[in-house]
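Results of the structural survey
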Amino acid sequence: MAIHFNDSYLKGVIHEDEYKGLAPLVKTCHDALHQKTGLGNDFLGWVDLPVDYDKEEFARIKAAAKRINEQADVLIVLGIGGSYLGARAAIELLRSPFYNSLKKDTVDIYFAGNSVSATYLQELLSICEGKDLAVNCVSKSGTTTETALAFRIFKQLLEEKYGVEGAKSRIYCTTDKANGKLKELADENGYECFVIPDDVGGRFSVLTAVGLLPIAAAGCDLDAIMKGAADARKDFLEPDLEKNDCYKYAATRFALYQKQKKMEIMVSFEPCFATMAEWYKQLFGESEGKDNKGLYPSSVTFSTDLHSLGQFIQEGSRIMFETFMDIKKPKQDMYIKPDDSNFDGLNFLADQNMSVVNKTVMDATILAHSEGGVPCVVLEMPEINEYEMGYMIYFFEKACGISAYLLGVNPFNQPGVESYKTNMFALLGKPGYEDLQADLKAKLS
């Protein structure tokens, strides 16, 4: 398995008998997932997606990415939540958090439609001045407020810059295959369309056109990504906890939750993993956080955050456990040379690679936190590349599905997200919300 579950630091925290006790429940959850008898079973398309995807569309995605790089300097990806997080996370992990500043032969990629900040949009528009643009709007309905507002602005910009006809070849829509306002608009104007499968929810959609088009535009190898995910699918078909590290991770999360741990902190020692941790937070947060249940997903980048949150983790409330992403081989390394004056007293670090220092910081942190009473899970990842990322994405998606079923909640809906939307529509004066508007304004006065 490309992702290895290391339980070395859980000795004395979770006993083998606890895993044996959870094994039948995990098997039940596995059966519910694969036999499609569990909650939310209409949204299980991601389970077999790595081997059962539209090969014709896959080829069109690659062709569109090539065309985008031929026609544009900048690609604007419009989406919110699962409609942008996976793509952004993948690009920053595989290429760099500094991707847009790198010397490269692919387009710069910026993300919008994930907030309603006028300042953010104005600053992005200023970046686009004098550059050739393409836009990828990602929305199943086409009416998600944040994304639809941004699309309105960039659609107008493209039409002003290239004319209505010229803009058509620069707008790419990832949406429902048959319905919705964005699909209607795309069909009416002749925009190229890619499909968000009906049976794949947003936060599980990174391996669909939702994520793959921007990832391909950044020059990443889609075939290797899908190969990694397909191998993970095969590796995690066996429900035996002794043979399935994905399920053992899910079972460990549940066991710690039963021990009153209420928060999981995803820890990485590579800044390029930071947005992938944001994707993990949405994946688990929206999937588990229901019926007053669930682990609160958080994240840190060490050693940076050891100088801000390290004190709390070491000695604060015992409400959390940590999951460390141990990436064995860095994308790049740096040799530390000695300094004749040794002005900083760091010559003891000389004549070795900086990755050795980073790994030592991780080891020291795990020892300190685990000995201080914070359970530490370690997920070992061989290196960062397309294959390993595809494998990791599927690992977390399946662990999430099993984890939510262990809690007894539907992993694939998000009813709580609708509450703010209802209030927002009422306060903004959307037709049909007049009675609620008056009530809300009274509460705010």
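Residues numbered from 1 in each chain as written. Predicted model: local features only at pLDDT ≥ 70, side-chain atom pairs only at ≥ 80, totals over all residues. Heavy atoms only, no water.

Focus: a negative patch on the surface
Side chains of E16, D17, E238, D240 and E242 sit close together on the surface and give a patch of like negative charge. Positionally, D240 belongs in the loop between α9 (222-235) and α10 (245-258). Taking the relative accessible area as the measure of exposure, D240 reaches 31% and is therefore partly exposed. (Patch = residues over 30% accessible without salt bridge, like charges linked within 9 Å, V, L, I, M, F, W, Y side chains within 5 Å. Areas by Shrake-Rupley, 256 points an atom, 1.4 Å probe, with all protein chains shown as cover. Salt bridge = Lys/Arg side-chain N within 4 Å of Asp/Glu carboxyl O. Lys, Arg positive; Asp, Glu negative; His and termini not counted. Charge placed at Lys NZ, Arg CZ, Asp CG, Glu CD. Helix = DSSP H or I, 4+ residues; strand = E, 2+ residues; numbered from the N terminus. Buried < 20%, exposed > 50% of the residue type's maximum accessible area, 1.4 Å probe, protein only.)

Topic: the sheet that holds strand β12 (residues 376-383)
Taken together, the 5 strands give an open sheet; going across it, the order is β1-β12-β9-β7-β8, and neighbouring strands pair in mixed fashion. Lying at the two open borders of the sheet, with one neighbouring strand each, are β1 (4-6) and β8 (296-301). For this sheet the average axis-to-axis angle between neighbouring strands, irrespective of direction, equals 25 degrees. Judged from the 7 bridges that link them, strand β9 (residues 320-329) and β12 form a sheet pairing that is parallel. The residue bridging D326 from the neighbouring strand is E380, located in β12. The strands that helix α13 (residues 354-371) touches are β9 and β12; relative to β9, the one it contacts most, it runs at about 160 degrees. (Pairing = 2+ DSSP bridges. Axes fitted to C-alpha atoms, helices over the stretch in contact; angles between N-to-C directions. Contact = heavy atoms within 4.5 Å.)

Some points on the sheet that holds strand β3 (residues 108-112)
Two pairing modes exist for strands in a sheet, parallel and antiparallel, and in both the strands are linked by backbone hydrogen bonds. Read across the sheet, 5 strands follow the order β3-β2-β4-β5-β6 without closing on themselves; strand pairing throughout is parallel. Of all the strands in the sheet, just β3 and β6 (192-195) have a single pairing partner and so form its edges. Direction aside, neighbouring strands of the sheet carry axes that sit 20 degrees apart on average. Of the strand pairs in this sheet, strand β4 (residues 133-138) and strand β5 (residues 171-175) are connected by 4 bridges, and their pairing is parallel. Note that in β5 the partner of C137 across the bridge is C173. Set on the sheet, helix α7 (residues 181-189) makes contact with β4, β5 and β6; between it and β5 the angle comes to about 145 degrees.

Concerning the side chain of S298
With respect to the secondary-structure elements, S298 resides in strand β8. A relative accessible area of 17% places S298 in the buried class. Residues within four places of S298 in sequence aside, it is in contact with M263, E264, I265, M266, Y280 and K281.

Observations concerning the environment of P239
For P239, the location among the structural elements is in the loop between α9 and α10. Sequence-wise, P239 and M354 are 115 residues apart; in three dimensions their C-alpha atoms are separated by 39 Å. With near-sequence residues (within four places) excluded, P239 lies in contact with V26, K27, H30 and Y247.

A closer look at the packing of helix α4 (residues 85-94) against helix α8 (residues 209-217)
Two numbers describe how α4 lies on α8: the axes approach to 8 Å, and their chain directions differ by 35 degrees. The handedness of the crossing between α4 and α8 comes out as right-handed. Listed contacts from α8 to A87, A90 and I91 of α4 are V210, G211, P214 and I215. Among the residues forming the contact of α4 with α8, the class breakdown is 6 nonpolar, 1 polar and no charged. (Left-handed = near helix turned anticlockwise from the far one by under 90°. Nonpolar A, V, L, I, M, F, W, Y, C, P; charged D, E, K, R; others polar.)

These figures capture arrangement, not role.
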